[in-house]
Amino acid sequence: MTTTPDTRHLLAPVDRPDAVMVRGEGSYLFDADGRRYLDFVQGWAVNVLGHCPPEIVGALNTQARALINASPAYHNGPHLEYAAKLCDAAGLDRVFFCNSGAEANEGAIKLARKWGQAERAGAFEIISFTGAFHGRTLATMAATDKPGWSELFGPASPGFRKVAFGDIAAVESAIDASTVAVMIEPVQGESGVVDPPKGFLGELRELTKRKGVLLICDEIQTGMARTGPLFAHQADGITPDIMTLGKGIGGGVPLAAVLSSEEVARFEPGDQGGTFNGNPLMMAVGLAVLERVTAPDFVEHAKGVAQHLEQRLAALCDENPGMQRSGSGHLRALVLTREDAKEIAARCYEAGLLINAPRPDRLRFMPALTTSIDEVDDMIAILKSSFAG
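Note that the structure is predicted; figures quoted are calculated from it, not measured.

Some thoughts on the environment of Met183
Tracing the backbone through its elements, the reader meets Met183 in strand β7 (residues 179–184). You can call Met183 buried: its relative accessible area is 0%. In contact with Met183, not counting residues within four places along its chain, are Asn105, Ile126, Ile127, Ser128, Phe129, His134 and Ile216.

Have a look at this one:
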């Protein structure tokens, strides 16, 4: 029987089961009692290469023997190399590295407002969307649409306006002289993998260009090939003015980034910083992850498994009238006919499967891109048995 861990010294611990995880390998986590879990959460879409992949372990070992942190006051080789390769992959010109997705989105907000001071007569307001999630700093909480958050640490940071997700007319009506940018997740992850209407991102890009405001794509959860293309917005053939990345770009280590076009790159020395930003240890990992997820053999494997996952989820919906699915690639959700997602996720946990219930009626799946077809089949088998209660 699992011993209840002593959490008395944790500040506001989240609601966790009693298991203490001690080891990870590929698609599996192992707890202190030796129990194995098939992990379709993977750190909330973080571990794109699975648990403890050799590429990341090797990069950490090699770089740690050479240089761990030189301070942001000095250049280091991995920082320069990774900046060039990531910008090239994104089709953008400049990058600022940081440590978390919320920090990246905070940086994007600052960058947009700095541009607005120079180019839009001090415009500062950012339009975001119903159902959006952009982080837990004060500013990113204000951009987020989560019930109760505006009062949680009030007063809420000003300068954010929310419109209906997927409603292009609502966006156009909201843009005025104070608007500097529109901020969007190409797929809303924390809301339960909510897809925008087909063509919406393209319409949004055209609208923001016509109105002379910036488009910020929050790719914290969707980036690094999670939905199929390297960055989710590329499926719509667009390029944002600013893009934020996190989670998957580090493959499990703390790494995030703000990328922008040259025209928007208005940060000057002292405007933005961070003690650990761009340290060579994390940069080496970022390089290793980018190299792996863009390799042709990796892309083909991930595509094949994603297609199989889609087929199995589609069949599950056919077997359960009213159930629907959303998402693409390795970011998927099931929309249930009842609000018992947490109960189903709990039964899956007891059966050795880790999935997430972001809403009462939604189950979310975020497997590693290295997941096998057999592991997808194992997940479906456990999930189907959990429906019975």
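Here we look at the sheet that holds strand β9 (residues 242–245)
Spatial ordering of the open sheet is given by β4-β10-β9-β8-β7-β5-β6, a layout of 7 strands whose pairing is mixed. Edge positions in the sheet fall to β4 (94–98) and β6 (160–163), since each of these pairs with one other strand and no more. Looking at each pair of strands side by side, their axes are set apart by 20° on average, direction ignored. Across 4 bridges, strand β5 (residues 125–129) lies against β6 in parallel orientation. Paired with Ser128 across the bridge in β6 is Lys162. Sheet strands in contact with helix α4 (residues 101–119) are β4, β5, β6, β7, β8 (214–218), β9 and β10 (256–260), and its direction is about 25° off that of β10.

Re the packing of helix α3 (residues 77–90) against helix α9 (residues 280–293)
Running from N to C, α3 and α9 point in directions that differ by 35°, and their axes come no closer than 8 Å. Every pair of crossing elements has a handedness; the one defined by α3 and α9 is left-handed. Residues Pro78, His79, Glu81, Tyr82, Lys85 and Leu86 of α3 form the contact with α9, whose own contacting residues are Pro280, Met283, Ala284, Gly286, Leu287 and Leu290. Across the contact of α3 with α9, the residue classes break down as 8 nonpolar, 2 polar and 2 charged.

Brief notes about the packing of aromatic side chains
Two aromatic rings, taken as a pair, are described by how far apart their centres are and by the angle between their planes. Summed over all chains, the structure comprises 7 aromatic pairs. The interplanar angle of 20° and the centroid separation of 5.4 Å between the aromatic rings of Tyr37 and Tyr349 together place this pair among those described as stacked. Here Tyr37 is found in strand β3 (residues 36–39), whereas its partner Tyr349 is found in helix α11 (residues 341–350), with 312 residues between them in sequence. An identical accessibility class is assigned to Tyr37 and Tyr349; each is buried. Between Phe129 and Phe200, the aromatic rings sit 6.0 Å apart at their centres with planes inclined by 80°, giving edge-to-face as the arrangement. In this pair, Phe129 sits in strand β5 while Phe200 sits in helix α8 (residues 200–211), placing the two residues 71 residues apart along the sequence. Taking the relative accessible area as the measure of exposure, Phe200 reaches 1% and is therefore buried. Among the aromatic residues, those joined into a cluster by ring pairs are Phe129, Phe165 and Phe200. Sitting over the ring of Tyr349, Arg35 keeps its end group 5.9 Å from the ring centre. Sitting over the face of the ring of Tyr28, Arg36 holds its NZ or CZ atom 4.0 Å from the ring centroid.

Re the pairing of β8
The element β8 is extensively covered by neighbouring structure, given that 5 of its 5 residues are classed as buried. Both faces of β8 are covered, namely the face carrying Leu214, Ile216 and Asp218 and the face carrying Leu215 and Cys217. Pairing between β7 and β8: 4 bridges, direction parallel. Bridge pairing in β8 places Val182 opposite Leu215. Bridge count for β8 against β9 is 3 bridges, and the pairing is parallel. Paired with Ile216 across the strands is Ile242, a residue of β9.

Brief notes about a nonpolar patch on the surface
Residues Leu138, Leu152 and Phe153 make up a contiguous nonpolar surface patch of about 330 Å² in total accessible area. Along the polypeptide, Leu152 turns up in helix α6 (residues 149–152).

Thoughts on the sheet that holds strand β11 (residues 324–328)
The 4 strands are arranged β11-β12-β15-β14 in an open sheet whose pairing can be described as antiparallel. Where the open sheet ends on each side, the last strands, each with one partner, are β11 and β14 (356–359). Taken over all neighbouring pairs, the strand axes of this sheet differ in orientation by 25° on average, direction set aside. Judged from the 2 bridges that link them, β14 and strand β15 (residues 362–365) form a sheet pairing that is antiparallel. Counterpart to Asn356 in the pairing with β15 is Arg364. Together, β12 (331–335) and β15 form the strand contacts of helix α12 (residues 373–387), whose direction differs from that of β15 by roughly 165°.

Focus: unusual backbone geometry
Going from Gly154 to Pro155, the amide bond is cis rather than trans, its omega being 5°. Its place among the elements puts Pro155 in the loop between α6 and β6. Within the chain, Ala45 stands out as a residue other than glycine whose phi angle is a positive 65°. Residue placement: Ala45 occurs in helix α1 (residues 42–45).

Topic: the packing of helix α10 (residues 296–319) against α12
Two numbers describe how α10 lies on α12: the axes approach to 9 Å, and their chain directions differ by 20°. Taken together, the axes of α10 and α12 are roughly parallel relative to one another. Judged by the sense of rotation from one axis to the other, the crossing of α10 with α12 is right-handed. Where α10 approaches α12, its residues Val305, His308, Leu309, Arg312, Leu313, Leu316 and Glu319 are matched on the opposing element by Ile373, Val376, Asp377, Met379, Ile380, Leu383, Lys384 and Phe387. A class-by-class count of the residues in the contact of α10 with α12 yields 10 nonpolar, 1 polar and 4 charged.

Quick notes on the rules
Residues numbered from 1 in each chain as written. Predicted model: local features only at pLDDT ≥ 70, side-chain atom pairs only at ≥ 80, totals over all residues. Heavy atoms only, no water. Helix = DSSP H or I, 4+ residues; strand = E, 2+ residues; numbered from the N terminus. Buried < 20%, exposed > 50% of the residue type's maximum accessible area, 1.4 Å probe, protein only. Contact = heavy atoms within 4.5 Å. Pairing = 2+ DSSP bridges. Axes fitted to C-alpha atoms, helices over the stretch in contact; angles between N-to-C directions. Left-handed = near helix turned anticlockwise from the far one by under 90°. Nonpolar A, V, L, I, M, F, W, Y, C, P; charged D, E, K, R; others polar. Phe/Tyr/Trp six-rings, centres within 6.5 Å; stacked < 30°, edge-to-face > 60°. Lys NZ or Arg CZ within 6 Å of the ring centre and 35° of its normal. Patch = residues over 30% accessible without salt bridge, like charges linked within 9 Å, V, L, I, M, F, W, Y side chains within 5 Å. Areas by Shrake-Rupley, 256 points an atom, 1.4 Å probe, with all protein chains shown as cover. Salt bridge = Lys/Arg side-chain N within 4 Å of Asp/Glu carboxyl O. Parallel < 35°, antiparallel > 145°, perpendicular 65-115°, else oblique.

Any functional reading would require information that these geometric values do not contain.
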